[in-house]
Amino acid sequence: MSPIVAVTIAEVSKSVAQAKRRGQSVGYVPTMGALHRGHARLVEQARGECGFVVVSIFVNPTQFGPNEDYSRYPRTFESDREICQESGADLIFVPERETIYPAGPLSTYVEVPGLSDILEGSIRPGHFRGVATVVLKLFGVVIPDTAYFGQKDYQQQLILRRMVTDLNVPVEIVTVPTVRESDGLAMSSRNRYLNPEERVAARVLSQALAEAETAVSAGERSADRVRQILARRIESEPLASLEYAEVADAATLEPLRDLGTGRRAVALLAARVGPARLIDNAILPN
Ligand code: AMP
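Residues numbered from 1 in each chain as written. Predicted model: local features only at pLDDT ≥ 70, side-chain atom pairs only at ≥ 80, totals over all residues. Heavy atoms only, no water.

### What about the overall build of the protein chain?
Okay, so step 1: Of regular secondary structure, the protein chain possesses ten helices and nine strands.
Okay, so step 2: Here the C-alpha radius of gyration of the protein chain, 19 Å, is about what a compact globule of 286 residues would show, namely 19 Å.
Okay, so step 3: C-alpha extents for the protein chain along the principal axes are approximately 55 × 40 × 40 Å.
Okay, so step 4: Counting all 286 residues of the protein chain, 53% fall into the buried class.
Okay, so step 5: Counting contacts in the protein chain only where the partners sit at least 6 residues apart, residues at least 24 apart contribute 73% of the total.
Okay, so step 6: For the protein chain, the computed accessible surface area is about 13200 Å², with 50% contributed by carbon and sulfur atoms.
Okay, so step 7: If you average the places of the 32 positive and of the 35 negative side-chain charges in the protein chain, the two averages end up 2 Å apart. (Helix = DSSP H or I, 4+ residues; strand = E, 2+ residues; numbered from the N terminus. Rg over C-alpha atoms; globule rule 2.2 N^0.38 Å. Buried < 20%, exposed > 50% of the residue type's maximum accessible area, 1.4 Å probe, protein only. Contact = heavy atoms within 4.5 Å. Areas by Shrake-Rupley, 256 points an atom, 1.4 Å probe, with all protein chains shown as cover. Lys, Arg positive; Asp, Glu negative; His and termini not counted. Charge placed at Lys NZ, Arg CZ, Asp CG, Glu CD.)

See the structure below:
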């Protein structure tokens, strides 16, 4: 069945209330559209676990910096609708900007200091404030039981987990593993900015992570040496420029010195490849 397309909050509330009256649990996948198989995996997981599945498509202006790609972010509604249908969404919420920000700038924001200020947050100041605030607003509209986020945006899902814990938001957060192209590149709406040559070069992120994983599996215990492996591999690609290569505690993102001490570690990368800013990460072997 083709999903309902809702533009107003009232339409969402009505359908969700009906679903709840039928005794269905509500699963929710917030997105910015330009959907791909990564998003589809989130929707499929929600479909498998919940009675009623909502996907939102909203390119949220407040999470983009002044020189970022808000205005050229791809908007591909017809194809998004097909992907939502194929992956089993019941309702697509496509609000206008004015529906989410009716009175212009807000007076209330959600900040998750610390976690929001490092890595992505240090390069994109205000980004996570925009994300956390709009996700809480959207939770207030959809009122889901469970919300699904991608591991690809590792720091984001940690921040949102922290937000729901700190604010007693009754939504369970589920993190879904990163979906990749056959050559390892993490799927991203921003991959479509890459020309064919840059697309090949973009493989270097997942290759660097694979090399780090191999080193750790072979016994490497120095987080610094793993950072070096990551950085050198990115720097070996002339079309890529490294923004950060970090090895951190998987729960707190605190930079680690030693691996194999029982703390789960995550390797996180950001690099520019041509016009695209790409991120990727991998949980390192124990
Ligand atoms: P976006 O539309 O880029 O804001 O992403 C919406 C959701 O899809 C976020 O929770 C992302 O982490 C998730 N997502 C994006 N790319 C992938 C991917 N390759 N694999 C899994 N989840 C993804």
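Picking up after the structure, the text goes on.
### Here's the deal with the site of the ligand
Okay, so step 1: Around the ligand sit 17 residues in total, of which Met 32, Gly 150, Asp 153, Val 179 and Met 187 are the nearest.
Okay, so step 2: Between the ligand and the protein, one listed contact pairs a nitrogen atom with a backbone N or O atom of Val 179 at 2.9 Å.
Okay, so step 3: Burial of the ligand by the protein amounts to 94% of the accessible area it has alone, namely 480 Å².
Okay, so step 4: Those elements that place two or more of their residues in the shell around the ligand are β2 (26-31), α2 (37-49) and β5 (146-150). (Near = heavy atom within 4 Å. Polar contact = N/O pair within 3.5 Å; in protein donor to acceptor, adjacent residues only side chain to side chain.)

### Remarks on the environment of Ala 276
Okay, so step 1: Mapped onto the secondary structure, Ala 276 falls in strand β9 (residues 276-283).
Okay, so step 2: Assessed through its relative accessible area of 0%, Ala 276 is described here as buried.
Okay, so step 3: Separated by 202 residues in the primary sequence, Ala 276 and Pro 74 place their C-alpha atoms 12 Å from one another.
Okay, so step 4: When near neighbours in sequence (up to four residues on either side) are disregarded, Ala 276 contacts Arg 190, Tyr 193, Leu 194 and Ala 271.

### Brief notes about the sheet that holds β9
Okay, so step 1: One open sheet holds the three strands; their spatial order is β7-β8-β9, and the pairing between them is antiparallel. Single-partner strands in this sheet number two, and they are β7 (240-249) and β9. Within this sheet the neighbouring strands show an average axis-to-axis angle of 15 degrees, counted without direction.
Okay, so step 2: In this structure, β7 lies alongside strand β8 (residues 265-273), joined through nine bridges in antiparallel fashion. Within β8, the position partnered with Ser 241 by the bridge is Arg 272.
Okay, so step 3: Running over the sheet, helix α9 (residues 204-217) touches β7, β8 and β9 and is turned about 20 degrees from β9. (Pairing = 2+ DSSP bridges. Axes fitted to C-alpha atoms, helices over the stretch in contact; angles between N-to-C directions.)

### Some details on the domain arrangement of the protein chain
Okay, so step 1: According to the domain assignment, the protein chain consists of domain 1 (4-176) and domain 2 (189-281).
Okay, so step 2: On the side of domain 2, 19 residues touch domain 1, which itself brings 23 residues to the contact.
Okay, so step 3: In total, about 1800 Å² of surface goes out of reach between domain 1 and domain 2, with carbon and sulfur atoms giving 52% of it.
Okay, so step 4: By the criterion of area lost to domain 2, the three top residues of domain 1 are Leu 119, Glu 120 and Tyr 154, representing 31% of everything that side buries.
Okay, so step 5: Summed over the shared surface of domain 1 and domain 2, the result is two salt bridges.
Okay, so step 6: Note that Glu 120 and Arg 277 form a salt bridge whose closest N and O atoms lie 2.8 Å from each other.
Okay, so step 7: At the surface where domain 1 touches domain 2, the tally comes to eleven residue pairs in polar contact (both at pLDDT 80 or more). (Domains from an automatic or database assignment. Buried area = accessible area lost by both parts, 1.4 Å probe. Salt bridge = Lys/Arg side-chain N within 4 Å of Asp/Glu carboxyl O.)

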